[in-house]
Amino acid sequence: MPETTDDIAEGISFQAFEDDCRLLGSLLHDVLLLELGPHFIHLFERIRILAQSVATMRGAGMEDTGAAVERQLEAELAAMSLEDSLSIARAFSHYLNLTGIAERYHRVRKSRSEVHLSKSCDDIFDKLIQGGVPPEELYDTVCKQGVEIVLTAHPTQINRRTLQYKHLRIAHLLEFNERPDLSHEDREMLIEDLVREITALWQTDELRRHKPTPVDEARAGLHIVEQSLWKAIPRYLRRVSNALKKHTGKPLPLTCTPIKFGSWMGGDRDGNPNVTAKVTRDVSLMSRWMAIDLYIRQLDNLSFELSTKKCSEKLASVANEILLKVDSSESASEETKASPWTQTGPQNIVKLQPSLALAAQLPSGADLPSLTECIGSEAQIRIVKPPWNPKRQGIQIPTEKSDDSPVQSPGRTRPGSSHMGRTPSAGQLRKMLFTESKIGRSSFRKLLEPSLSDRPGITPYRIVLGNVKEKMMKTRRRLELLLEDLPCDYDPAEYYETPDQLLEPLTLCYESLQSCGSSILADGRLADLIRRVATFGMVLMKLDVRQESGRHAEALDAVTSYLDLGIYSEWDEEKKLDFLTRELKGKRPLVPPYIEVAADVQEVLDTFRVAAELGSDSLGAYVISMASNASDVLAVELLQKDARLTVSGDLGRPCPGGTLRVVPLFETVKDLREAGSAIRNLLAIDWYREHVIKNHNGHQEVMVGYSDSGKDAGRFTAAWELYKAQEDVVAACNEFGIKVTLFHGRGGSIGRGGGPTYLAIQSQPPGHSSVDGARRDGAGQVRAAQDGGAAAGDLHDGCASRYPAAAASSRDPHWRHVMEEISRVSCAHYRSTVYEDPSFITYFQEATPQAELGYLNIGSRPAKRKATPGINNLRAIPWVFAWTQTRLVLPAWLGVGKGLQDALDKGHTEELRAMYDEWPFFQSTLDLIEMVVAKADAPMAKHYDDVLVSSPERRAVGEELRRELARSGEMRAGGQRALQAIGEQPEPEEADREQAAVPQSHEHAAGGGAATAATGRRQPEAP
């Protein structure tokens, strides 16, 4: 059969991928030869050939020969010195990482070559219109969509950030290597750059030697926003706007925000004593600082673009008002200059020069089209270090930048820039002023500036933007003072506090350009900046606060005991609700101002005080982990109300912003099953329902946890219980006329609820048309390797999939009965293995590196909630990491084979086939588990047992688990064929041979942790 054009194109594309792998592999070979010599290269190649031979022979069914070669490989590895073993491990790790970089870039290459994206907004809008959805309804739905991506500090990324940036530069070089116009000399220089990057990789320590602090994690998250999401948002929103205009005739409104971002970094204190109230405050201020800094850079570039003089009368009037203020300030400055000895403040060195509409230096990127800012085409990584107090973290505070940026702010020059931006002393000021006035000394800055005769006329847009930049720089300086715990008495009129204040002059410029027929200019960098302000606000990402419900009960115990009211935690639910409701209706604080409590309780109270000081302008939601009852929510509402009353009294004015949304997080299977009842009990309370309507626009947010539910009952049962819990929560809110936002706490790996966001959304339960928004939890590190273009595509797929998300329901009621049976059997088998077998916990501790993972410096949070043995207190991430390392990947599949086999034995084969074909939830659940089973490696898990597990009794546990993996592996055929063949069970030895033949993904083979998460917000994803 002749090859089609698509087949040929696919072959060419894959050939390019192979060429990239070959190029990077050969360069790594050259670097290793130079670094370690020919003896190591011989050893490396021998180990590689032996390992490939084992896999090839097993794949061909030559099990005995493969086993013999494997024994030879084991013997040679055992005979190596420790130094050689470490070098071999590092070499293979770098080889797999480089192959992974080539693979990721190959996906980007393929996406660019595809003419039609099946999951793009354009395609989905077209399908909806063709399906009978009126254009007006489509337009309104898109404009009202609410998706939020939440970045967390969960340690799902082993690589240090410096290595991630080196990987990103290598990907950029691979992209540059494909340019057809490269000369021979250019290509040679490109190869030299690749060699430099790979050499730097080899010479860089892969491990963090110190455990990161919560502030370090937050700083890393801010860099992810800067390098990925900041670039992706304008491009994504342009796509949505263009597709919407094509199908409805109207573009997306500029300030419409179908997607926003939140963060848990610096706010998630659940089981992490390192996250304190002060950390939360400072991380929130640091996020604001980064947002202002990014906006200032965008204003620099925008000023160079808007050099036109034609403007509306309104804009001209505003520009003239700014100049009048500048002139009056300049006159005052001249009077001050006449007597430089009389004043010693910093104002003496500020001379207003409004005629400098054109700056002395071109800003970085101003010579490039605006699109390049959105796709991340520049390989250079700019890392900005937010200010920080060195007394607290030992970090150098960057001084305020000298004003060498392109937008000349009216009334702001710095003759004293040679002093590195520090505020000079009074003596230094007098000396500088005397020198300039008497000797006429010219600064370096003045030499760069154009002379008066060469300066162009005043441009109104630059005057307005210069004024905006002036206020932004004062805003940034104010935040630096707050971070340094220094007095800050800025006039509120001199800085920006809310996004609306910043949007006002930007929108004025936009409307002026539109009215003058310059819409093409308006829709460039200016539109991108307005969309960024609407999306990121003044904080980049609002910070969520999370705390475990028991900590709130402890705080109330201390208060009620002090007030001789009894012990709160010993009351039943009815008494708790009566007490909480009565106090919430009151107008006085509950907590005495000078109460003495334990340190843990004081930290809880301090957190609520900081939340009151920051308010909803900086913070997002207050998430209650391990929530189970309505009283858990009311307890937080009471502590929040009490703190706001106290802070308001101290300030002498209302607290900034509004109250935080209180979000119960249902995690365990038991709590998921009772989630609907808890929400009904909560909304039945008149005070709370009125509070939600008045303060939160009638929205109730509910979070469902995927990680802990999977650890509690297994992946299949967790998926089914999550499905039912969402149905029940939505129904409960509908009963009271309350809108609901679902917060999906999905991890990156399948065992923690991960998977493609598009499939996850499409397989949600029916009735989600009443869900008024979605949030999704996603580890920030998952997005670290994405440039703006890749991240934009990720956002595109994740958010566009929500438009047609009227999920198919389980039309046949009998399907639910089948699911219940599968779930029951699966859960029983999972729990009997993990929680009821007394030898399992010891086997787990011996066969996996779970203890060693706890020593890795990959996160600030302890591996366990409490320092007690057992699986219950072990966090879901190290639980999944440990099984991934042994390649058994147990959390994703244990119990599934038993459940499906039981359904087949009971004669449900036809129902299973129909469910797979017609029910997206069931199909995606099986497909994801099937994928994980295909990646599992039973022979490797057996090798771990042989080396690490000494007791025959505990080795028997491992043998049984591998047999269970083989039974689950019969789904590998996929779809209906899997269901037809599932009853035919191979012998364990045959299953092990099959497992050995399955090629391993680069991520799992490298031990890199969680799979890449897709983007969407509570579905915040994966950028």
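Residues numbered from 1 in each chain as written. Predicted model: local features only at pLDDT ≥ 70, side-chain atom pairs only at ≥ 80, totals over all residues. Heavy atoms only, no water.

A. Here's a closer look at the overall build of the protein chain. Helix and strand content of the protein chain: 41 helices and 8 strands. By the burial criterion, 55% of the 1023 residues in the protein chain qualify as buried. Put simply, the protein chain shows about 43,700 Å² of open surface, and 53% of that area lies on carbon and sulfur atoms. (Helix = DSSP H or I, 4+ residues; strand = E, 2+ residues; numbered from the N terminus. Buried < 20%, exposed > 50% of the residue type's maximum accessible area, 1.4 Å probe, protein only. Areas by Shrake-Rupley, 256 points an atom, 1.4 Å probe, with all protein chains shown as cover.)

B. Examining the pattern of salt bridges more closely. With the rule as written, the count across this model stands at 55 salt bridges. With a closest N to O distance of 2.9 Å, R661 and E701 form a salt bridge. Of this pair, R661 sits in strand β5 (residues 661-666) while E701 sits in strand β6 (residues 699-705), placing them 40 residues apart in sequence. Overall, R661 belongs to the partly exposed group, its relative accessible area being 26%. Three or more residues joined by partner-sharing salt bridges are found here, namely E226, D293, R297 and R476. (Salt bridge = Lys/Arg side-chain N within 4 Å of Asp/Glu carboxyl O.)

C. Broad picture of the confidence of the model for the protein chain. Per-residue confidence for the protein chain gives a mean pLDDT of 79; residues scoring 70 or more make up 74%. Note on residues 390-424: pLDDT is under 50 here. Beyond four places in sequence and across chains, it has 96 contacts. Residue range residues 972-1023 is modelled with pLDDT below 50. Its contacts to residues more than four positions away, or to other chains, number 166 contacts. (pLDDT = per-residue confidence, 0-100. Contact = heavy atoms within 4.5 Å.)

D. Quick peek at helix α2 (residues 38-59). In this model α2 runs 31 Å from its N-terminal to its C-terminal C-alpha over 22 residues, within 8% of the 32 Å that 1.5 Å per residue would give. Residues of α2 that are buried: F40, I41, L43, F44, E45, I47, L50, V54 and R58. Of the residues one or two after α2, G61 is the one with positive phi, at around 85°. (Expected span 1.5 Å × (residues − 1).)

E. Representation of the packing of aromatic side chains within the structure. All chains considered together, the criterion is met by 23 aromatic pairs. Their ring planes at 80° and their centres at 5.7 Å tell us that Y723 and W919 sit as a pair that is edge-to-face. One end of the pair, Y723, is in helix α27 (residues 715-735); the other, W919, is in the loop between α35 (909-918) and α36 (920-935), with 196 residues separating them in the sequence. Pairing W879 with W883 gives two aromatic rings, centres 5.9 Å apart and planes at 85°, and the pair type is edge-to-face. (Phe/Tyr/Trp six-rings, centres within 6.5 Å; stacked < 30°, edge-to-face > 60°.)

F. Region of interest: the pairing of strand β1 (residues 147-152). The buried fraction of β1 amounts to 6 of the 6 residues, a majority that puts the element mostly inside the structure. With burial as the criterion, each face of β1 is covered, one bearing V147, I149 and L151 and the other bearing E148, V150 and T152. As paired strands, β1 and strand β2 (residues 259-263) are joined by 5 bridges and run parallel to one another. The residue bridging V150 from the neighbouring strand is G262, located in β2. (Pairing = 2+ DSSP bridges.)

G. Representation of the packing of helix α7 (residues 161-177) against helix α8 (residues 184-203) in the model. Packing of α7 against α8 leaves a shortest axis separation of 10 Å and a crossing angle of 165°. If you check the angle between α7 and α8, you find them roughly antiparallel. Every pair of crossing elements has a handedness; the one defined by α7 and α8 is left-handed. Where α7 abuts α8, its residues L163, K166, H167, R169, I170, L173, F176 and N177 lie against R187, L190, D193, L194, E197, I198, A200 and L201. (Axes fitted to C-alpha atoms, helices over the stretch in contact; angles between N-to-C directions. Parallel < 35°, antiparallel > 145°, perpendicular 65-115°, else oblique. Left-handed = near helix turned anticlockwise from the far one by under 90°.)

H. View of the side chain of S284. Mapped onto the elements of the fold, S284 is located in helix α10 (residues 277-305). Judged by relative accessible area, which is 3%, S284 ranks as buried. Beyond its immediate sequence surroundings of up to four residues, S284 is in contact with L543, L614, S618 and L619.

I. Region of interest: a negative patch on the surface. Among the surface-exposed residues, E185, D186, E188 and E192 lie close enough to one another that they form a single negatively charged patch. Along the polypeptide, E188 turns up in helix α8. Judged by relative accessible area, which is 42%, E188 ranks as partly exposed. (Patch = residues over 30% accessible without salt bridge, like charges linked within 9 Å, V, L, I, M, F, W, Y side chains within 5 Å. Lys, Arg positive; Asp, Glu negative; His and termini not counted. Charge placed at Lys NZ, Arg CZ, Asp CG, Glu CD.)

J. Seen up close, a nonpolar patch on the surface. Residues Y562, L563 and L565 make up a contiguous nonpolar surface patch of roughly 270 Å² in combined accessible area. Here Y562 lies in helix α19 (residues 549-562).

K. Highlighting the packing of helix α37 (residues 938-948) against helix α38 (residues 952-968). α38 packs onto α37 with a crossing angle of 175° between their chain directions and a minimal axis gap of 10 Å. Taken together, the axis directions place α37 and α38 in an arrangement best described as roughly antiparallel. Residues A938, A941, K942, D945 and D946 of α37 lie in contact with α38, whose contacting residues are R955, G958, R962 and L965. Looking at the contact of α37 with α38 residue by residue, the class counts come to 3 nonpolar, 1 polar and 5 charged. (Nonpolar A, V, L, I, M, F, W, Y, C, P; charged D, E, K, R; others polar.)

L. Region of the structure containing the pairing of strand β3 (residues 542-548). β3 sits mainly inside the fold: 5 of its 7 residues count as buried. Relative to β3, β2 runs parallel, the two sharing 2 bridges. Paired with S263 across the two strands is L543, which belongs to β3. The sheet contact formed by β3 and strand β4 (residues 619-625) spans 5 bridges and is parallel. For Q547, the partnering residue across the bridge sits in β4 and is I624.

M. The arrangement of unusual backbone geometry in detail. The phi torsion at N697 lies on the positive side, around 55°, for a residue other than glycine. By the element assignment, N697 lies in the loop between α25 (686-695) and β6. The backbone of V889 sits at a positive phi, close to 50°, despite the residue not being glycine. Relative accessible area serves as the criterion here: at 9%, V889 is assigned to the buried category.

N. Fine view of the environment of E613. Note on placement: E613 falls in helix α21 (residues 599-614). On the basis of relative accessibility, which here comes to 34%, the residue E613 falls in the partly exposed class. As for E613 and G657, which are separated by 44 residues in sequence, their C-alpha atoms are 8.9 Å apart. Setting aside anything within four residues of it in sequence, one finds E613 in contact with V647 and P656.

O. Broad picture of the environment of P460. When you line up the elements, P460 lands in helix α16 (residues 460-483). Its relative accessible area of 9% is what places P460 among the buried residues. C-alpha of P460 to C-alpha of C509: the two residues are 49 residues apart in sequence and 9.2 Å apart in space. For P460, the residues in contact, after removing those within four places along its chain, are T308, K309, C311, L315 and A319.

P. How the structure looks around the state of the cysteines. Within this structure, the stated rule accounts for 0 disulfides. Here C516 stays free of any disulfide, with the sulfur of C311 as its closest cysteine sulfur at 6.2 Å. The buried category is assigned to C516, whose relative accessible area is 17%. (Disulfide = S-S within 2.5 Å.)

Q. Molecular detail of α16. Over its 24 residues, α16 runs 35 Å from end to end, which matches the ideal 34 Å to within 8%, given 1.5 Å per residue. Taking burial as the measure, the 24 residues of α16 include 19 buried ones, the bulk of the element. D485 lies just past α16 and shows a positive phi near 55°.

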